[in-house]
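# Coordinates in review
Residue strings, one per chain:
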Amino acid sequence: MTPRMDELTFLTALHRPGTLLDIGAHEGLLALPLAGLPGARVIAFEPLAPARSALLRAAAGHANITIRPEALSDAPGEATLSIPLLEGDPQWQWASTAKSYAAHESARVAIRRETVLAVTLDSLDLADCTAIKIDAEGAEYAILRGARATLSRCRPMLTLELEERHAEGCTWAVPAFLDALGYETAFALDGRWHPMAALHRPTMQRASSDPSVFGASDPYVFNFYAWPRERDAEARALLPA
């Protein structure tokens, strides 16, 4: 059987007790199972109000889940959260503080914009951060820049959704940033680990940036995994090279 890798499998296999961050938690698909890991405390960030309301309901009774309404970035202040509406229907999964979607406004696509508070991850001054999941529709690099001290101090495991359609150049910039901090970044495909140098963007990262146009390359590789080099052997043992 071909080994399977996803965010939950990766974070569970390499789990250490401490604080786990779910950035872009949406309705809690990962926050809830992560909270069930031994010795885990989850901080879930979700600036999108409807998703956060659903997350609050789902997390009721989970004393070790803290839900925060801020967006994360590389500087504190305010951010604009843009939500595309396709024929009046909000596309919540596309909500982004990194892009305006203005180029795609049309008879079918309108944009709702909301002002949200932004903080840096470093401002939390965490001493025991063991894992971070980031899914922020193009804001991932800014979030990591605001987490430099935390990454250096705590050495957490990372899962990242990186899509060129949301932030051109992110699949180069983010791994380079992490490399400078002593991290390895890879993707899983066909049951194996692959280095970032093997990511062929024209065939593995081709998808429309227009909320009204669907379809993507096959395969479409957008989940990436990063780990501190001192835990390289543990991470690589999860899949063949």
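Computed from a prediction, not measured in an experiment: that's the story for all the values here.

### Digging into the overall build of the chain
Scanning the chain for helices and strands turns up eight helices and twelve strands. Computed over its C-alpha atoms, the radius of gyration of the chain comes to 17 Å, within 12% of the 18 Å expected for a compact globule of 241 residues. A principal-axis box enclosing the C-alpha atoms of the chain has dimensions of 50 × 40 × 35 Å. For the chain, the proportion of its 241 residues judged to be buried stands at 53%. If you take every contact in the chain between residues at least 6 apart in sequence, the share linking residues at least 24 apart comes to 68%. Here the chain displays about 10800 Å² of accessible surface, and carbon together with sulfur accounts for 53% of that area. Across the chain, the mean location of the 22 positive side-chain charges is 2 Å away from that of the 30 negative side-chain charges.

### Thoughts on the packing of aromatic side chains
Geometry of an aromatic ring pair is reported as the spacing of the ring centres plus the angle between the planes. Applying the stated criterion across every chain, the model contains nine aromatic pairs. For the pair F10 and W227, a centre-to-centre distance of 6.1 Å together with 40 degrees between the ring planes defines the contact as tilted. With F10 in helix α1 (residues 7–13) and W227 in strand β12 (residues 223–228), the pair connects residues that are 217 residues apart, well separated along the chain. Comparing F10 with W227, the two get one shared label, buried. Taking 5.5 Å as the distance between ring centres and 65 degrees as the angle between the ring planes, the aromatic pair formed by W193 and Y225 counts as edge-to-face. Taken together, the positions of W193 in strand β11 (residues 192–195) and Y225 in strand β12 put the pair 32 residues apart, joining distant regions of the chain. Each residue in the set F10, W193, Y225 and W227 is aromatic and connected to the rest through ring pairs, giving one cluster. Positioned above the aromatic ring of Y141, the side-chain terminus of R145 is 4.5 Å from the ring centre.

### Quick notes on the nonpolar core
Of all hydrophobic cores here, the largest spans 37 residues; its most connected members are I23, I132, L144, L151 and L178. Here the element with the most residues in this core is helix α6 (residues 170–180); it accounts for four residues. In this structure, L178 is in contact with L144, L151, L158, L160, Y183, T185 and A226, ignoring residues within four places of it in sequence. Counting residues in hydrophobic clusters, the runner-up holds 25 residues, among them M5, L14, M157 and A186.

### Observations regarding the environment of E168
Following the sequence through the fold, E168 ends up in the loop between β9 (157–161) and α6. Along the primary structure E168 and E234 are separated by 66 residues, whereas in three dimensions their C-alpha atoms are 31 Å apart.

### Some points on the sheet that holds strand β7 (residues 109–119)
The strand order across the open sheet formed by four strands is β4-β7-β5-β6, and the pairing between neighbours is mixed. Lying at the two open borders of the sheet, with one neighbouring strand each, are β4 (71–72) and β6 (89–90). Bridging between β4 and β7 involves two bridges; their strand directions are parallel. Residue A71 lies in a different strand from β7, and its bridge partner there is A118.

Criteria and cut-off values
Each chain has its residues counted from 1, following the order in which its sequence is written. With the structure being a predicted model, the display of local features is reserved for residues of pLDDT at least 70 and the display and counting of side-chain atom pairs for 80 or more, all residues being used for whole-chain, interface and lining totals. Processing note: side-chain calculations cover all non-hydrogen atoms of the structure and skip hydrogens and water entirely. In this text, helices come from DSSP runs of H or I with a minimum length of four residues, and strands from runs of E with a minimum of two, each type numbered from the N-terminal end. In this treatment the radius of gyration is a C-alpha quantity, and the globule benchmark scales as 2.2 Å times the residue count to the 0.38 power. Exposure is judged per residue with a 1.4 Å probe applied to protein chains only, and the accessible area is read against the type maximum: over 50% gives exposed, under 20% gives buried, and values in between give partly exposed. Any two residues having at least one pair of non-hydrogen atoms within 4.5 Å are treated as being in contact. Only the protein chains shown count as covering a residue, and every accessible area follows the Shrake-Rupley method with a 1.4 Å probe. Only four residue types enter the tally: Lys and Arg on the positive side, Asp and Glu on the negative side, with His and both chain ends excluded. For charged residues, the charge sits on one atom: NZ in Lys, CZ in Arg, CG in Asp, CD in Glu. Centres within 6.5 Å make a pair out of two Phe, Tyr or Trp rings, where for Trp the six-membered ring is used; the pair is then stacked when the planes are under 30 degrees apart, edge-to-face when over 60, and tilted otherwise. Lysine NZ or arginine CZ positioned within 6 Å of the ring centre and within 35 degrees of the ring normal marks a charge as sitting over the ring. Buried Ala, Val, Leu, Ile, Met, Phe, Trp, Tyr and Cys residues form a nonpolar core when they are joined through side-chain atoms within 4.5 Å. A pair of strands is treated as paired once DSSP finds two or more bridges between them.

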